[in-house]
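Below are the chains, spelled out letter by letter.
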Amino acid sequence: MREQTCKIETEYIKLQDLLKFAGLTETGGEAKLAIQNGEVSVNGETCTMRGKKLRPGDRASLDGVTVTVQ
């Protein structure tokens, strides 16, 4: 499993935006499908809410890559 961090300057980042920003998906549509298909986990639990707000300390995973929000 690969891990990376993503530093944000705002209070939160939406899950679909984090996946694009971190390079785990190329488009918003690809992020949407991955989330709706249950392929994404947030803090260890499957998440199907693409607008979920992630704050510093939260972790999202897709295809063996985990991104920690800072």
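See above for the structure.
Read on for an overview of the structure. Owing to the predicted nature of the structure, the values given are computational and were not obtained by experimental measurement. Residue positions are given per chain, counting from 1 as you read along its sequence in written order. Only residues with pLDDT of at least 70 are given local features in this predicted model, and only at 80 or more are side-chain atom pairs given and counted; all residues enter the totals for whole chains, interfaces and linings. In computing side-chain values, all of the structure's heavy atoms are included and hydrogens and water are not.

## A closer look at a negative patch on the surface
To count toward a patch, a residue needs a relative accessible area above 30% and no salt bridge. Like charges then connect within 9 Å, nonpolar side chains (Val, Leu, Ile, Met, Phe, Trp, Tyr) within 5 Å. Using a 1.4 Å probe, accessible areas were evaluated by the Shrake-Rupley method; residue-level cover was limited to the displayed protein chains. Basic side-chain nitrogens of Lys or Arg form a salt bridge, by our definition, when they fall within 4 Å of a carboxyl oxygen of Asp or Glu. Positive charges come from Lys and Arg alone, negative charges from Asp and Glu alone, with His and the N- and C-terminal ends not counted. A charge is said to be at NZ when it belongs to Lys, at CZ for Arg, at CG for Asp and at CD for Glu. A surface patch of like charges, here negative, comprises Glu26, Glu30, Glu39 and Asp63. Working definition: helices are DSSP H or I runs of at least four residues, strands are E runs of at least two. Numbering for both runs from the N terminus. The residue aspartate 63 is located in the loop between strand S6 (59-62) and strand S7 (65-69) in this model.

## Thoughts on unusual backbone geometry
Residues other than glycine seldom take positive phi values, yet asparagine 43 does so here, at roughly 50 degrees. Looking at the element boundaries, asparagine 43 is found in the loop between strand S3 (41-42) and strand S4 (45-46). Partly exposed describes any residue whose relative accessible area lies between the buried limit of under 20% and the exposed limit of over 50%, with all areas from a 1.4 Å probe on protein chains only and scaled to the type maximum. Here asparagine 43 falls in the partly exposed class, since its relative accessible area comes to 45%. Even without a glycine there, the phi angle at aspartate 63 is positive, about 50 degrees.

## Details of the nonpolar core
Definition of nonpolar core: a set of buried residues of the types Ala, Val, Leu, Ile, Met, Phe, Trp, Tyr and Cys, connected through side-chain atoms within 4.5 Å. Judged by nonpolar contacts, the single largest core of 20 residues is most densely connected at Leu15, Leu18, Leu19, Leu24, Val40 and Leu54. Listed by contribution, the elements that provide at least two residues to this core are helix H1 (15-21), helix H2 (28-36), S6 and S7. Setting aside its immediate chain neighbours within four residues, leucine 54 contacts Ile8, Glu11, Tyr12, Ile13, Leu15, Leu18, Val42, Ala60 and Val69. When checking whether two residues touch, look at their non-hydrogen atoms; a contact exists if any pair is within 4.5 Å.

## Re a positive patch on the surface
Taken together, the side chains of Lys14, Lys32, Arg50 and Lys53 make up a positively charged region of the molecular surface. Inspection of the secondary structure assignment puts arginine 50 in the loop between S4 and strand S5 (53-54).

So far we have only geometry, and geometry alone does not tell us how the molecule works.
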